Amino acid sequence: AQKITQTQPGMFVQEKEAVTLDCTYDTSDQSYGLFWYKQPSSGEMIFLIYQGSYDEQNATEGRYSLNFQKARKSANLVISASQLGDSAMYFCAMREERDTGNQFYFGTGTSLTVIP
Amino acid sequence: EPEVTQTPSHQVTQMGQEVILRCVPISNHLYFYWYRQILGQKVEFLVSFYNNEISEKSEIFDDQFSVERPDGSNFTLKIRSTKLEDSAMYFCASGAGRDQPQHFGDGTRLSIL
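Now for a description of the structure that goes with this document. Everything numeric in this text was worked out from a predicted model, so none of it was measured. (Residues numbered from 1 in each chain as written. Chains lettered and ligands numbered in written order. Predicted model: local features only at pLDDT ≥ 70, side-chain atom pairs only at ≥ 80, totals over all residues. Heavy atoms only, no water.)

### Considerations on the pattern of salt bridges
Residue and element names in this part refer to chain A. One pass over the full model with this rule turns up three salt bridges over all chains. A salt bridge links Glu 96 to Lys 3; the nearest nitrogen and oxygen atoms lie 2.9 Å apart. Pair noted here: Glu 96 is in strand β10 (residues 88–97) and Lys 3 is in the segment before β1 (4–5), with a separation of 93 residues, a long-range link. Across the pair Asp 86 and Arg 63 runs a salt bridge, and its minimum N-O distance is 2.8 Å. Of the two residues, Asp 86 is situated in the loop between β9 (74–79) and β10 and Arg 63 in the loop between β7 (60–61) and β8 (64–69); the sequence distance between them amounts to 23 residues. Since its relative accessible area comes to 2%, Asp 86 is described here as buried. (Salt bridge = Lys/Arg side-chain N within 4 Å of Asp/Glu carboxyl O. Helix = DSSP H or I, 4+ residues; strand = E, 2+ residues; numbered from the N terminus. Buried < 20%, exposed > 50% of the residue type's maximum accessible area, 1.4 Å probe, protein only.)

What follows is the structure, encoded as structure tokens:
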């Protein structure tokens, strides 16, 4: 089974509108972390937001918020007031903890296009 | 804002040659990582490094790969005998703690001919 599933290969959103990028994860660990990264066409990976499995409140960072539904194992990214510069690939990732270290898994990504 | 830097930005190497990819993590970070992303595919975890030793590695990180922190600032990934399928973007990342977000470098695009 896939550890991280992003079911939306491509999404379009009108500028200034909000958009939700879906992410579901699969783990039997009690302690884990969830991340979202943005990858523009230039290729770099930009950290956006982090949610720990024990965090009771949804993480927020500026226009980004993470809709964390633990029972459903989903960690959707919500971008409010989309801007043209938000057009990029977005990756959901998970950290699983091991005794010796952490393993990390990335989803296949969602390509977001913001339309003027 | 401090950032992770990677050099070179693009490396072209003949198959079978050794290649070393270099990274300078954020100075007060303690955890270091290498990832790769084959063109058009998802990012794959290779290895994590803490306290001067590998703490976790994936199945991809076989005997042809090694990592080293030769001094207090650099973190390197060596591929001993490159194969065509090693062509990918290689990302270095660092984090302040085990459960802290990782900050990525801009990547090194490795092309094996």
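Let's pick the thread back up.
### Concerning the state of the cysteines
In protein chemistry, a disulfide is the covalent bond that joins the sulfur atoms of two cysteines. All names here are of chain A. Counted by the stated rule, this structure contains two disulfides over all chains. Bridging Cys 23 to Cys 92, the disulfide has an S-S length of 2.0 Å. Here the disulfide of Cys 23 and Cys 92 is left-handed, its torsion about the S-S bond being about -65°. Highlighted residues: Cys 23 in the loop between β3 (19–21) and β4 (24–25) and Cys 92 in strand β10, separated in sequence by 69 residues. With relative accessibility at 0%, the residue Cys 92 sits in the buried group. (Disulfide = S-S within 2.5 Å.)

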